[in-house]
Amino acid sequence: MSQLLSDINGSGGGGGGGAAASVTYDDGAVSPTLSASTVQAAIDALKWSTSALNLFFFGGGGSGNLSISAGTTTLTANTNYLTLTISGTGQLRTGGATVRGFALDLTAAPANAILARVPVNGGNASSSTGGTGGNASGTVIEINGPIAGATGGTSTTTTGGTGGTPGAASPALYGGSTNKSGAGGAGSSGAGGAGRTPVTTAGNSTSVLRATPFVHGTSLAGGGLPGSGGGAGGGNGALAGGGGGGGGSCSFALNLYFQTIARSGSTAAGAISALGADGGNGFSPPASNTGGGGGGSGAGGGFIYLVYGSLTGSTATDVLRATGGTGGNGANGNGTGIGGGGGDGGNGGTITVCNLRAGTLTETIGSAGTAGTAASGTTGGTGGAGGACQVSL
């Protein structure tokens, strides 16, 4: 602390007893601030900030100070900052790392200032072969990394193939569930591939007490569920229909621990985000009387776990965001071929906020994603919107 007590004002009469000294506290002269307005409040805050419990959750600041005003900083290990400031066009990508510190300044932070992972959308089908699922790339720092979305179905000269379903994760995922992918449209010589229902592993899991989902430095929970691949369109007996779109991949969990968080009305919505990726679009085949591919489903929104001691400044609206991915569009059929159905949007994720000093914990579970629309004749359906999950601080 650069200054704890300031402005000691008093007058001393020569030789006589002067007026009693008046001691005031200037929080603006302290870095990081203690969010106090009186000397006693500052002393109490300082005692609390150096308590064993506080140091366990927020650490001792061994990673030093970091200020990002432009460009991207990608973490490859857990960090423990003294101060972290993000403004302008700066971005911190956590990649599953646990981020701890004394003070987090988001007063001028942009959208996605702290991002769990850049969403990797499902691939659009570009032929009769299904689009690839969003990949699971990224350095896995904690136990659970992202899970890839499933590949879209591939068409034959007769029937369309069914899209794939992504693998499940263990332990259970805390983010949002995914929903059904779009079905492929029928061709003159066969039916389109069916849309895939979600995997059985439920998102927004309540199987573990969410108040303590992270051991110190080690994640026990992942993000949302990845999307399924869309069904392929049916063929015309000689040529294949359109491939289905790939499913979106899921996010890392985003876990943050800061003793103080500064925010303002200028803090962008979604400054802290864990987002589900979008599903890919189906392919519209060039051959006559063939069916269009169905859209892949969007991934569920991620999981944000935030622990803090105090807030400064004014309310930042929807600063935490864990939105589900949008479903891919179904493609048009050709001739008498039927269009593919749109994939469903992923459900919104989960945001858990713990005020350690007040001893309160709130949890917000996102809304369901919107269902994609079915094809109307040769016209493909539209992908559904992802479910919302957002919290103001």
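Residues numbered from 1 in each chain as written. Predicted model: local features only at pLDDT ≥ 70, side-chain atom pairs only at ≥ 80, totals over all residues. Heavy atoms only, no water.

So, about the overall build of the protein. Counting its secondary structure elements, the protein contains 2 helices and 17 strands. A buried classification covers 53% of the 393 residues belonging to the protein. Partitioning the contacts of the protein with sequence separation of at least 6, the portion at a separation of at least 24 is 72%. About 14,200 Å² of surface is accessible on the protein, with carbon and sulfur atoms providing 53% of the total. (Helix = DSSP H or I, 4+ residues; strand = E, 2+ residues; numbered from the N terminus. Buried < 20%, exposed > 50% of the residue type's maximum accessible area, 1.4 Å probe, protein only. Contact = heavy atoms within 4.5 Å. Areas by Shrake-Rupley, 256 points an atom, 1.4 Å probe, with all protein chains shown as cover.)

Time to look at the environment of Val307. With respect to the helices, strands and loops of the structure, Val307 is situated in strand β13 (residues 303–313). For Val307 and Arg100, which are 207 residues apart along the polypeptide, the C-alpha to C-alpha distance reads 9.3 Å. Other than its neighbours up to four places away in sequence, Val307 contacts Phe57, Phe58, Leu256, Tyr257, Phe258, Cys354 and Leu356.

A separate point is the confidence of the model for the protein. Taken as a whole, the protein shows an average pLDDT of 85; of its residues, 78% reach a score of 70 or greater. Predicted confidence for residues 1–20 stays below pLDDT 50, and this span has 34 contacts to residues more than four positions away or in other chains. Of the regions scoring below 50 in pLDDT, residues 206–219 engages in 38 contacts with residues more than four places distant in sequence or in other chains. (pLDDT = per-residue confidence, 0-100.)

Before going further, it helps to examine the environment of Leu311. As for its position among the elements, Leu311 is in strand β13. Along the sequence, Leu311 and Leu104 sit 207 residues apart, while their C-alpha atoms lie 9.7 Å from each other. Once residues within four sequence positions are removed from consideration, Leu311 is found in contact with Ile261, Arg263 and Leu393.

So, about unusual backbone geometry. Non-glycine residue Asn112 carries a positive phi angle of around 60°. Here Asn112 lies in the loop between β7 (98–105) and β8 (114–115). Given a relative accessible area of 25%, Asn112 falls into the partly exposed group. Although it is not a glycine, Asp318 sits at a positive phi angle of roughly 50°. Following the sequence through the fold, Asp318 ends up in the loop between β13 and β14 (320–321).

Here we come to the sheet that holds strand β17 (residues 390–391). Sheets are built from strands that pair by backbone hydrogen bonding, the pairs being arranged parallel or antiparallel. Read from one edge of the open sheet, 6 strands run β4-β6-β8-β12-β14-β17, paired in mixed fashion. A strand with exactly one partner marks an edge of an open sheet, and here the two such strands are β4 (72–74) and β17. (Pairing = 2+ DSSP bridges.)

A few words now on the sheet that holds β13. What the 7 strands build is an open sheet, ordered β3-β5-β7-β11-β13-β15-β16; its pairing is mixed. Sheet topology places β3 (64–68) and β16 (360–365) at the edges, where each strand pairs with a single neighbour. Taken pair by pair, the neighbouring strands of this sheet meet at an average axis angle of 25°, ignoring direction. In the sheet, β13 pairs with strand β15 (residues 350–355) via 6 bridges, with the strands oriented parallel. Opposite Val307, over in β15, you have Cys354 as the bridge partner. (Axes fitted to C-alpha atoms, helices over the stretch in contact; angles between N-to-C directions.)

Here the focus is the packing of aromatic side chains. Enumeration over the complete set of coordinates arrives at 4 aromatic pairs. When the ring of Phe57 is compared with that of Phe58, the centres are 6.5 Å apart and the planes differ by 50°; the resulting orientation is tilted. Residue class for Phe58 comes out buried when judged on its relative accessible area of 1%. A network of ring pairs unites the aromatic residues Phe57, Phe58, Tyr257, Phe303 and Tyr305 as a single cluster. Residue placement shows Arg100 over the ring face of Tyr257; its charged tip is 4.0 Å from the ring centre. (Phe/Tyr/Trp six-rings, centres within 6.5 Å; stacked < 30°, edge-to-face > 60°. Lys NZ or Arg CZ within 6 Å of the ring centre and 35° of its normal.)

To continue, consider the pairing of strand β11 (residues 254–263). When you tally the buried positions in β11, you get 10 out of 10 residues, the bulk of the element. Alignment of β7 against β11, held across 7 bridges, turns out to be parallel. Across the sheet, the residue bridging to Arg100 is Tyr257, located in β11. Bridge count between β11 and β13: 9 bridges; the pairing is parallel. Within β13, the residue paired with Ala262 across the bridge is Thr312.

In terms of residue burial, β7 counts as a mostly covered element, since 7 of its 8 residues are buried. Sheet topology note: the strand β5 (residues 79–86)/β7 ladder contains 6 bridges and is parallel. In the sheet register, Asn80 faces β7, and the bridge partner there is Arg100.

Further remarks concern the environment of Ala322. Examined against the element boundaries, Ala322 turns out to sit in the loop between β14 and β15. For the pair Ala322 and Ile304, spaced 18 residues apart in sequence, the C-alpha to C-alpha distance is 7.3 Å. Every residue in contact with Ala322, bar those within four places of it in the chain, is listed here: Ala274, Gly301, Gly302, Ile304, Gly348, Gly349, Thr350, Ile351 and Cys389.

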